[in-house]
Amino acid sequence: MPVLELRHVTKRFGGLTAVDDVTFGVEEGELLGIAGPNGSGKSTLFNVVTGIPFGASSGEILFDGKPITRMVSHRIARLGLARTFQKDAEYPDLTAKETIALAAIYGRGLNRRAAAEAAETQLEAAGIGCARAGMLTTALSVYERKQLMIASALVMQPKVLMLDEPASGLTRPEIAALNAHLVKINKGGVTILLIEHVLSLLLSLAERLIVLNQGAVLAEGDPQEVIRDERVIEAYLGGRSA
Amino acid sequence: METLLATFVSGLVLAALYALMASGLSLIWTTIGVFNFAHGALMMVGAFVAWTVSEVGGFGLWPGLIAGVATTTVLGVIIEYLLIRPFYGQRNMVLITVMTTLAAMIILEKSAQIIWGARLKQLPRMIEGDISISGAVISAHEALIVVLAPLILIALWQFTNRTPVGRSLRAVGQNQEAAALLGINVPLTFALAFGLGAALAGLTGVLLGGIRFITPSLGSEPLIKAMIVVIFGGLGSLGATVGAALVIGMAEAFLVLTLGLYWTPFAIFLGLIAVLVLRPNGLFGRS
């Protein structure tokens, strides 16, 4: 049984269909890549699944066999479906440690002491040292802020982690470090859905790739085969042959 | 020298009151992004309920204080649920909630007129007598306000900065969508912020009721003062609001001494506009 399943999910904004009848499932432990040109509906798909800031117009979403289509977002997070944003989700007046501890308290139900310990563990795993743990999130580097988002999600011990362009704005060494970190997370048993424009990262990580175009699934399958698909090349390059 | 000291003490009393008035308003703004125009009316309700319990019911001032604060807390949660919550996420939410909270203000004021009538009422002072500080005399009740205000504000600061619930208020205020991802129940947090802000309004109303007559319009002038303080401070942290309250309280006291009562509001508004021209994010606000 897939840990996450989308059945004919559609999201409309007036006359615009941003997500168009999308159906797919994600198996437990899988690392699924999601690609597509700008405006193809990738982030909207994540929004619809997590209910932030809006749910689906129609269709059904199942998490661990339970319907979550109409569920409020904080409940979805508490169930074990975590995500990160394309933009840095920073809190100008909270420190890195406070942010992760909040997720441990509200997302996982830990008490303050246990949450503080869990936050320290995650900060260490994310490569944010003790000295920087007490800094405001705005004072962290782009890489650290990305890692902070992932750490905030991981402290809730999610079954599924949805990552929206975690490599955007990162340098090559940082992308390599992120790559290693994501492999470790996935090997730890966390199912990952990864939206990424950095193709090298996506192809090195994804076991399966879904390409969206104009809100609909254009191609799905082995990443190396999918990127050679004529329709995918056309969608990315606008009709020219590669 | 004696006059200057008396003016300084008067400024302190004003600053303490303004800080209390503005702290609830600021808390609601920073968490929800709504300017609660019913804040002053909630102060008035708090004072009236306290007066009813303590004077009409004969239960004494402290039960009255508790009843006043409890009533405004519940009213705050109801206002949030009925008049704010339906508009979350709407693009023009700030404008809509200006109208809905103004409606709440009018409903509360008219209801108070029907329930308690137009006759002036006053709460007994929490402490009777006067206190003389090097010749500057203030009532013991006003001295209590000067002592209580910092304690309440410190407790509020501790709550928002040192407790998980308080931090969740800050997280929601800074990034609602990301806060939901941390598992925080955002609508519940909004209700909590509104209830807490309303409780502070009720408490301020009870304290005010010991030095001013209680009428249905008791909260009108404090509302304007609270708004000036919050905007002047920079629509931000509690510290900014307290700082602004201190500046405005002192400025008002010394302006009354130098310019007189008539020109003081004009000078304060002129100062507010000048600060906003030079610092659009307020005196202590961040860009």
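Residues numbered from 1 in each chain as written. Chains lettered and ligands numbered in written order. Predicted model: local features only at pLDDT ≥ 70, side-chain atom pairs only at ≥ 80, totals over all residues. Heavy atoms only, no water.

**Student:** How should I be thinking about the overall build of chain B in this particular structure?
**Tutor:** In terms of regular secondary structure, chain B is built from eleven helices and two strands. Helices and strands in chain B line up, N terminus first, as α-α-α-α-β-β-α-α-α-α-α-α-α. Since a compact globule built from 287 residues should have a radius of gyration of about 19 Å, the 19 Å found for chain B is in line with a globular shape. Each principal axis of the C-alpha atoms in chain B carries an extent, and together these give about 60 × 50 × 35 Å. A burial count over chain B gives 52% of its 287 residues as buried. For chain B, contacts bridging at least 24 residues in sequence account for 73% of all contacts bridging at least 6. Only carbon and sulfur atoms are counted for the fraction: they give 71% of the accessible area of chain B, which is about 12500 Å². (Helix = DSSP H or I, 4+ residues; strand = E, 2+ residues; numbered from the N terminus. Rg over C-alpha atoms; globule rule 2.2 N^0.38 Å. Buried < 20%, exposed > 50% of the residue type's maximum accessible area, 1.4 Å probe, protein only. Contact = heavy atoms within 4.5 Å. Areas by Shrake-Rupley, 256 points an atom, 1.4 Å probe, with all protein chains shown as cover.)

**Student:** Would you take a moment to explain the sheet that holds strand 7 (residues 160-164) of chain A for this structure?
**Tutor:** For sheets, the rule is that strands pair by backbone hydrogen bonds, running either parallel or antiparallel. All names here are of chain A. On the basis of which strands lie adjacent, the open sheet formed by six strands has the order 6-7-8-3-9-10 and mixed pairing. Edge positions in the sheet fall to strand 6 (81-83) and strand 10 (216-221), since each of these pairs with one other strand and no more. Taking the axes of each pair of neighbouring strands and ignoring which way they run, one obtains an average angle of 20° across the sheet. One ladder, built from five bridges, connects strand 9 (residues 208-213) with strand 10; its direction is antiparallel. Paired with I210 across the strands is E220, a residue of strand 10. Along the sheet, helix 7 (residues 172-187) contacts strand 3 (31-35), strand 7 and strand 8 (191-195); its crossing angle with strand 8, the most-contacted strand, is approximately 145°. (Pairing = 2+ DSSP bridges. Axes fitted to C-alpha atoms, helices over the stretch in contact; angles between N-to-C directions.)

**Student:** I keep staring at the packing of helix 2 (residues 39-56) of chain B against helix 3 (residues 61-84) of chain B and nothing clicks. Help me out?
**Tutor:** Between two packed helices, the angle of one axis relative to the other and the distance separating the axes together describe the packing. Residue and element names in this part refer to chain B. Where helix 2 meets helix 3, the axes come as close as 7 Å, and the angle between the chain directions of the two elements is 145°. When you trace helix 2 past helix 3, the crossing you get is right-handed. When helix 2 is examined against helix 3, the residues L42, V45, G46, V49, A50, V53 and S54 are found in contact with a partner set consisting of L61, P63, G64, L65, A67, G68, T71, T72, L75, G76 and I79. Grouping the constituent residues of the contact of helix 2 with helix 3 by class yields eleven nonpolar, seven polar and no charged. (Left-handed = near helix turned anticlockwise from the far one by under 90°. Nonpolar A, V, L, I, M, F, W, Y, C, P; charged D, E, K, R; others polar.)

Any functional reading would require information that these geometric values do not contain.
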